[in-house]
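# Topology and contacts: notes
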Amino acid sequence: MAETLIVALFLAFSGGFQDAYTFIVRDHVFANAQTGNIVLMSTNLIKGDYAAVIRYLMPVCAFAAGVLAADLCRSLHRGIIHNTWHQTVVLAEMVCLFLVGFMPAEVNILANMIVSFSCAMQVETFRKVNGNPYASTMCIGNLRSCNSNLSQFIQTHSRKYLVNAMDYFLVIFVFAVGAGIGGNFSDDIGIHSVWICLPFLLIAYLLMFGKKEKAE
């Protein structure tokens, strides 16, 4: 169930929402798009704005730590049939976002680090949709894969490539919807708006009970 399209869509919505949330509410830092953070970090380094360098560097470091934490979680859950590591990671992400919703603007750096950490756990844990590699918290790889499969469909007329392309398109579309809704709710509600992600993550968690499978 962790690789089904329906789970991927709920995760993608949350991923898009979180990116918009941190950019609009938390000092224009990206939760997921670490490429953007690295570009802004390097730009500010050249300008000599070291406070901004730290603001963008810390989420990058937290993202790296989140990848390591997800892999450790997978190792600890090896052989466990119930409550797979996928579900554990989603629960951990929900706890992280719940806490972030209480954090005032004065600790934006810490809030961004926590969101980036949880996003990294998500993207490292959920790496396939219907057997194909994808990312639930960013779009560039999905966009490449979508058009690559579309190209293969045009050349071969094989339906499987069209289905793959549609899967990627839906993930990108739902990510964009999450980002759009996240951006507007972040403007209206502020720091607490991140809690809107919680029911979507909870649904993804519950859906994974649909088919119990041994952890990798």
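Residues numbered from 1 in each chain as written. Predicted model: local features only at pLDDT ≥ 70, side-chain atom pairs only at ≥ 80, totals over all residues. Heavy atoms only, no water.

### So, the environment of His192
To keep it simple, the criterion reads: Put simply, DSSP H or I for four residues or longer makes a helix, DSSP E for two residues or longer makes a strand, and each gets a number counted from the N terminus. Residue burial is assigned from relative accessible area. The probe radius is 1.4 Å, only protein chains are included, and a residue is buried under 20% of its type maximum, exposed over 50%, and partly exposed in between.
When you line up the elements, His192 lands in the loop between α7 (159-189) and α8 (197-207). In this structure His192 comes out as partly exposed when scored by relative accessible area, which is 37%. Through-space distance from the C-alpha of His192 to that of Phe98 is 8.7 Å; in sequence the pair is 94 residues apart.

### So, the packing of aromatic side chains
Short version of the rule: Between 30 and 60 degrees the pair is tilted, below 30 it is stacked and above 60 it is edge-to-face, where a pair is any two Phe, Tyr or Trp rings, Trp via its six-membered ring, whose centres lie within 6.5 Å.
Overall, the coordinates contain nine aromatic pairs when judged by the stated rule. Seen in terms of ring centroids, Phe98 and Phe102 are 5.1 Å apart; in terms of plane orientation they differ by 85°. Their pairing is edge-to-face. Assessed through its relative accessible area of 39%, Phe98 is described here as partly exposed. Through pairs of rings, three or more aromatic residues link up here, namely Phe10, Phe13, Phe17 and Phe200.

### Observations regarding helix α3 (residues 50-76)
Put simply, the test is: One less than the number of residues in a helix, times 1.5 Å, gives the span that helix is expected to have. Every residue pair with non-hydrogen atoms within 4.5 Å of one another is taken to be in contact.
Under the 1.5 Å per step criterion, the end-to-end length of α3 is 38 Å for 27 residues, consistent within 8% with the ideal 39 Å. Inspection of α3 places Ala52, Val53, Tyr56, Pro59, Val60, Ala62, Phe63, Gly66, Ala70, Cys73 and Arg74 among the buried residues, and these make up the whole buried set. Buried-residue contacts for α3 involve α2 (34-47), α4 (85-100) and α5 (108-125).

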